[in-house]
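The lines below spell out each chain.
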Amino acid sequence: MSETIPIFPLNTVLFPGALLPLRIFEPRYRQMLERCLAGNRRFGVVLIKSGKEVGVSASPYEIGTVARIERVEEENRGSIPIIARGVERFRIVSLDYSLPYLVADVMLLEEIVDEAAERAAAHAREEADRYIRLLLAIRGEWHRQLELPNDPLKLLYFLGTVLLGLSGETRQRILEAEPLSNRLKVSSVALSEAASELEKTVMRSGPGEDRSIFGAN
């Protein structure tokens, strides 16, 4: 399925299901916002490959996520705060540079959950559980528990919010990987590497409450 949407290049990767707060202040993106609000409230979020968010046009990656505006707040100090939510992934087919902001014809990407995705999700849940417990330990919240989704697609969307600490390039690799099972595998590798780094931090902290994460009494 194809769609024509405004494109917002950012220094972040949006995953379906994740919230995205933005402050709109550049004239071109004010125009884009007006267009979105007059239509279906949808625009595309893509990681910047080259260029900058502010000023000259940025060159985006090919794969991004459709965002739908959920809330628009009153203008404050020259900017308009909005809240958008990731909806579904897309691939840019063509870009239109004729307007002050980018517009693209995009192909919406179908998500298929098969047996391979189910198996990959099981491993991803294990790595996610380890990573989250370590992260909570470092924050002194080792007693907290988070329930991970069982559905492979919902799990991947959830991981998109958990993996905010990873680099944009790593998150982009996860967003781009095909099929769903491979995206989960890339997530598992990223989670494992991140957890190993967190584990070093926790162990360096020495004996204490945080060590309960390893089953210490």
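K.L.:
Would you mind showing me how to read the environment of V87 here?
P.N.:
Here V87 shows up in strand β6 (residues 80-96). Taking C-alpha positions, V87 is 9.1 Å from R42, a pair spaced 45 residues apart along the chain. Residues contacting V87, with those up to four places away along its chain left out, are P16, G17, R42, T65, V66, A67 and R68.

K.L.:
Sorry if this is basic, but what is going on with the pairing of strand β7 (residues 102-108) here?
P.N.:
For a regular strand, side-chain orientation follows a simple rule: the groups alternate between the two sheet faces. In terms of burial, β7 is a largely internal element, five of the seven residues being buried. In this structure, strand β1 (residues 2-10) lies alongside β7, joined through six bridges in antiparallel fashion. Residue pairing across strands places E3 opposite V106, the latter belonging to β7. Alignment of β6 against β7, held across six bridges, turns out to be antiparallel. Looking at β7, one finds that I92 is bridged to V106. Taken together, β6 and the strand that follows it, β7, pair antiparallel across an intervening segment of five residues.

K.L.:
Looking at this structure, how should I read the side chain of R89?
P.N.:
With respect to the helices, strands and loops of the structure, R89 is situated in strand β6. Engagement of the side chain of R89 in a polar contact is seen with the side chain of E111, the distance being 2.9 Å.

K.L.:
Sorry, what's going on with unusual backbone geometry here?
P.N.:
Peptide bonds are mostly trans, and most non-glycine residues show a negative phi. Here the bond from E178 into P179 is cis, since omega is -10 degrees, no more than 30 degrees from zero. In this fold, P179 is placed in the loop between α4 (168-176) and α5 (180-204). A positive phi angle, close to 65 degrees, is found at R41, a residue other than glycine. One can find R41 in the loop between α1 (27-38) and β3 (42-50). Here R41 falls in the partly exposed class, since its relative accessible area comes to 24%. Backbone geometry places R77, a non-glycine residue, at a positive phi of 55 degrees. Secondary-structure assignment places R77 in the loop between β5 (63-72) and β6.

Parameters at a glance
- Residues numbered from 1 in each chain as written.
- Predicted model: local features only at pLDDT ≥ 70, side-chain atom pairs only at ≥ 80, totals over all residues.
- Heavy atoms only, no water.
- Helix = DSSP H or I, 4+ residues; strand = E, 2+ residues; numbered from the N terminus.
- Contact = heavy atoms within 4.5 Å.
- Buried < 20%, exposed > 50% of the residue type's maximum accessible area, 1.4 Å probe, protein only.
- Pairing = 2+ DSSP bridges.
- Polar contact = N/O pair within 3.5 Å; in protein donor to acceptor, adjacent residues only side chain to side chain.

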